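Structural features, examined
Each chain, written out:
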Amino acid sequence: MASLSLSSAHFSSTSSSSRSSISTSSLSPSSTSLPLLQSPIRRRYRSLRRRLSFSVIPRRTSRSFSTSNSQIRCSINEPLKVMISGAPASGKGTQCELIVHKFGLVHISTGDLLRAEVSSGTDIGKRAKEFMNSGSLVPDEIVIAMVAGRLSREDAKEHGWLLDGFPRSFAQAQSLDKLNVKPDIFILLDVPDEILIDRCVGRRLDPVTGKIYHIKNYPPESDEIKARLVTRPDDTEEKVKARLQIYKQNSEAIISAYSDVMVKIDANRPKEVVFEETQTLLSQIQLKRMIKTDKASPVQDKWRGIPTRLNNIPHSRDIRAYFYEDVLQATIRSIKDGNTRLRVDINIPELNPEMDVYRIGTLMELVQALALSFADDGKRVKVCVQGSMGEGALAGMPLQLAGTRKILEYMDWGDDETLGTFVKLGAIGGKEVDEEDDMFILVAPQNAVGNCIIDDLQAMTTAAGKRPVVLINPRLKDLPASSGIMQTMGREQRLEYALTFDNCYVFRLLYYLGTQYPIMGALRMSYPYRYELYKRVNEENGKEKYVLLATYAERPTPEQIDDAFSGKSRDQSKKASGIWGFLSSVFS
Ligand code: AP5
């Protein structure tokens, strides 16, 4: 039986917190101009926020649900501009392969461009050849013209760029400055000299795929590839030493030109480890940019990061309040963008029905926070719990939902008129939709063994029309039934219907093992932003923190999560097994 956490701290109407700094001005500006809104509801919502120590976040709700998509723009497509630098053989080309694979940037390598000119026998190639073969720099004017031309092409503007091996002299850096070309980040790969020489001498290139190998460190995958590998003419020990010398003469001036965006990475580690650091840096830039470009997004601006100690149960008031506010803001944004079929999927331990600590009280508290907030803005909200399913002796309801409706009735909704006027309780089904309802919040609708909730759900959404329907932690997948009916009848249509709901909020903890301990990381998506993948990192003094690993436009697959945690690119990762294999079962 699911355990309840209906402590007085959850539902008492007296405000127990004196820490709140919420003021009237921190609430929605629209609140002050709502003559119809009953002030007790506003008071009640504030009281709930105060009790749970909600952060002070100016809200942006408006009285009417906007159907326009223009208000919130997600900046996921803002291209990255990256420079990668380092001595010969520091691993620039190797990291670029991985970065391009992961971030889709346009790779502009002056070395590769020049080698292409040489092998095509162009005028530029003819001029560049002797400089390259001796290990000296090709004259600035040739390289600058080449890079400027490449940067001005549409693909670089659209997808972002990754400049590899440029600028390599102060004059080259100045030329970029004149063109107003500035990177978001200047990555400097740092490797000791003696290692560099070995890397150069052992380097081999695949002329077919362009892939970089090393006879010892990264040997080719097959004899067939091995047979066609070539050695660069400038990869002799003598020439490497000359190239290194030239690099050292120029590096200081270049580094000083980009000191404000420079990050030095220890590149004398396996390439996967180096890439893990690189991709974290790039993902962080993407995330920061998203936050910046949507200045009106209060949650992302003031977002505090993932709360720690998430495996301490029951969750503290602060943690609960954090998640209620996070879900609320994502839901508000999604509804304001005109979405009407929304889905919240929040699996912190207390709300994870797959675990034995599922607390229906916490779920109710979340639902109450959402309902009161929307009521606070003048909406008439219907909170719905599914009734018994099946017939006669076979009638029943999912265990987790048993008694939910009663709990909702007993909860403290503030003054008498709140529940019954602005917030109403109902079941799931077409008949529950009344004309005056503005929106519907459905508490964990789910299939039960042998019974399917989707028909009732469908009838309800049809009757609701363009009014928002928000599913909180739905479980709409098939459940096994002894008769096998559920797996066969209308399965495709049911799943198709379930997909008409868009995630507006996702939070899921990831575990190393199939239990609650230890936490490996977390996946979060708060509409309209990207999915963010975090890794939990232990700190000194028993503390912990969550570090952003990667972001995704779509919900990442278990394989993508494996890759992000292991720092591998897709084509190198093996089939999920062990701890990574567990992810597959969680996400499938
Ligand atoms: P370019 O091709 O840019 O040469 P470079 O800067 O000397 O760099 P490399 O390509 O040699 O090394 P890399 O850092 O890319 O290392 P890689 O990943 O391959 O330029 C060539 C020439 O063109 C110049 O000398 C110059 O003449 C001219 N030129 C280019 N740009 C110019 C400009 N802007 N101005 C003027 N002239 C210009 O890795 C090396 C090896 O190490 C590989 O075998 C790899 O498998 C291995 N490896 C990589 N990472 C690791 C790791 N983490 N651990 C172990 N092994 C690793």
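Treat the numbers as computed from the prediction; the structure is a model and nothing was measured.

**Some points on the overall build of the protein chain**
- Helices and strands together make up the secondary structure of the protein chain, namely 22 helices and 16 strands.
- For the protein chain, the share of sequence-separated contacts (at least 6 apart) that also reach a separation of at least 24 residues comes to 73%.
- Taken as a whole, the protein chain presents about 26,400 Å² of accessible surface, with 52% of it coming from carbon and sulfur.

**Here we look at the sheet that holds strand E2 (residues 106-109)**
- Strands sit in the order E2-E3-E1-E4-E7 across an open sheet of 5 strands; the sheet is parallel. The open sheet has two edge strands with one neighbour each: E2 and strand E7 (262-266). Mean inter-strand twist for the sheet, computed between neighbouring axes without regard to direction, equals 20°.
- Taken together, the 5 bridges between strand E1 (residues 80-86) and strand E3 (residues 160-164) define a ladder with parallel strand orientation. Note on E3: the bridge partner recorded for Leu-80 is Gly-160.
- Each of E1, E2, E3 and strand E4 (185-190) is contacted by helix H3 (residues 92-103), which is oriented at about 165° to E1, the strand it contacts most.

**Overview of the site of the ligand**
- Neighbouring the ligand are 35 residues; Thr-94, Ser-136, Arg-168, Arg-203 and Arg-243 lie closest to it.
- The side chain of Arg-115 places a nitrogen or oxygen atom 2.8 Å from an oxygen atom of the ligand.
- At 2.9 Å, a side-chain N or O of Asn-217 approaches a nitrogen atom of the ligand.
- For the ligand, the protein covers 96% of the area, taking 1,000 Å² as the surface of the free molecule.

**Regarding the nonpolar core**
- Counting 55 residues, the largest nonpolar core has Ile-346 and Phe-507 as the members making the most contacts within it.
- Tallying contributions element by element places helix H15 (residues 360-376) first for this core, with 11 residues.
- Contacts of Phe-507, omitting those with residues within four sequence positions, involve Ile-306, Leu-310, Phe-323, Asp-345, Ile-346, Asn-347, Ile-348, Ala-522, Leu-523 and Arg-524.
- In terms of nonpolar packing, the next biggest core, distinct from the first, is built from 51 residues, Val-147, Cys-200, Ala-267 and Leu-281 among them.

**Here's the deal with the confidence of the model for the protein chain**
- Summing up the model confidence of the protein chain, the mean pLDDT is 78 and the portion of residues at 70 or higher is 74%.
- Here residues 53-77 scores under 50 on pLDDT; set against residues more than four positions off or in separate chains, the count is 89 contacts.
- Note that pLDDT drops below 50 for residues 293-301; the model gives that stretch 25 contacts with residues more than four away or on any other chain.

**Some details on the packing of helix H4 (residues 110-120) against helix H5 (residues 123-134)**
- Where H4 meets H5, the closest approach of the two axes is 8 Å, and the angle between their N-to-C directions is 115°. Considering how the two elements wind past one another, H4 and H5 form a crossing that is left-handed. Where H4 abuts H5, its residues Gly-111, Leu-114, Arg-115, Glu-117 and Val-118 lie against Ile-124, Gly-125, Ala-128, Lys-129 and Met-132.
- Broken down by class, the residue content of the contact of H4 with H5 amounts to 5 nonpolar, 2 polar and 3 charged.

**Overview of the environment of Met-83**
- On the secondary structure map, Met-83 appears in strand E1.
- Separated by 84 residues in sequence, Met-83 and Pro-167 place their C-alpha atoms 8.6 Å apart.
- Beyond its immediate chain neighbours, meaning those up to four positions away, Met-83 contacts Trp-161, Leu-163, Phe-166, Pro-167, Leu-176, Pro-183, Ile-185, Phe-186, Ile-187 and Tyr-258.

**Here's the deal with the pairing of strand E11 (residues 439-443)**
- Burial of E11 is extensive: 5 of the 5 residues sit out of reach of the surface.
- Residues of E11 alternate between two faces, with Met-439, Ile-441 and Val-443 on one and Phe-440 and Leu-442 on the opposite face, all of them buried.
- Strand direction decides the pairing type here: strand E9 (residues 381-384) and E11, joined by 4 bridges, are parallel. Pairing of Val-383 across the sheet is with Ile-441, part of E11.
- By the bridge criterion, 4 bridges tie E11 to strand E12 (residues 469-472) in an arrangement that is parallel. Residue pairing for E12: Val-443 is matched across the bridge by Ile-472.

**Remarks on the packing of aromatic side chains**
- Evaluated as defined, the whole model comprises 4 aromatic pairs.
- Ring centres 5.1 Å apart and planes at 10° place the aromatic pair Phe-186 and Tyr-258 in the stacked group. One end of the pair, Phe-186, is in strand E4; the other, Tyr-258, is in the loop between helix H11 (237-257) and E7, with 72 residues separating them in the sequence.
- For Phe-186, a relative accessible area of 1% puts it in the buried group.
- Ring plane angle 85° and centroid distance 4.7 Å describe the contact between Tyr-322 and Phe-323, whose orientation is recorded as edge-to-face.
- Put simply, the rings of Tyr-322, Phe-323 and Phe-507 pair up and form one aromatic cluster.
- Over the aromatic face of Tyr-218 sits the side chain of Lys-271, whose NZ or CZ is 4.1 Å from the ring centroid.
- Here the basic side chain of Arg-380 rests over the ring of Phe-422, its NZ or CZ set 5.0 Å away from the ring centre.

**Notes on the sheet that holds strand E13 (residues 502-511)**
- Pairing is mixed in the open sheet, where 9 strands are placed in the order E10-E9-E11-E12-E8-E13-E14-E15-E16. The open sheet has two free edges, formed respectively by strand E10 (423-426) and strand E16 (544-552), since each of these has just one partner strand. Geometrically, the sheet is characterised by an average inter-axis angle of 20° between neighbouring strands, direction not taken into account.
- One ladder, built from 8 bridges, connects strand E15 (residues 531-538) with E16; its direction is antiparallel. Residue pairing for E16: Glu-532 is matched across the bridge by Thr-551.
- The sheet strands contacting helix H14 (residues 317-336) are strand E8 (341-347), E11, E12, E13 and strand E14 (519-526), and the helix crosses E13 at an angle near 150°.
- Together, E8, E9, E10, E11 and E12 form the strand contacts of H15, whose direction differs from that of E11 by roughly 175°.

**Considerations on the environment of Gly-93**
- Considering the arrangement of structural elements, one finds Gly-93 in helix H3.
- Assessed through its relative accessible area of 21%, Gly-93 is described here as partly exposed.
- Separated by 71 residues in the primary sequence, Gly-93 and Asp-164 have C-alpha atoms spaced 7.3 Å apart.
- Among residues more than four places away in sequence, those in contact with Gly-93 are Asp-164 and Ile-212.

**Observations concerning the pairing of E15**
- Pairing of E14 with E15, which is carried by 4 bridges, proceeds in the antiparallel orientation. Its bridge partner being in E15, Arg-524 is matched across the sheet by Glu-532.
- Hairpin connection, E14 to E15: the antiparallel pair is bridged by 4 residues.

Basis of the calculations
- Residues numbered from 1 in each chain as written.
- Predicted model: local features only at pLDDT ≥ 70, side-chain atom pairs only at ≥ 80, totals over all residues.
- Heavy atoms only, no water.
- Helix = DSSP H or I, 4+ residues; strand = E, 2+ residues; numbered from the N terminus.
- Contact = heavy atoms within 4.5 Å.
- Areas by Shrake-Rupley, 256 points an atom, 1.4 Å probe, with all protein chains shown as cover.
- Pairing = 2+ DSSP bridges.
- Axes fitted to C-alpha atoms, helices over the stretch in contact; angles between N-to-C directions.
- Near = heavy atom within 4 Å.
- Polar contact = N/O pair within 3.5 Å; in protein donor to acceptor, adjacent residues only side chain to side chain.
- Core = buried A, V, L, I, M, F, W, Y, C linked by side-chain atoms within 4.5 Å.
- Buried < 20%, exposed > 50% of the residue type's maximum accessible area, 1.4 Å probe, protein only.
- pLDDT = per-residue confidence, 0-100.
- Left-handed = near helix turned anticlockwise from the far one by under 90°.
- Nonpolar A, V, L, I, M, F, W, Y, C, P; charged D, E, K, R; others polar.
- Phe/Tyr/Trp six-rings, centres within 6.5 Å; stacked < 30°, edge-to-face > 60°.
- Lys NZ or Arg CZ within 6 Å of the ring centre and 35° of its normal.

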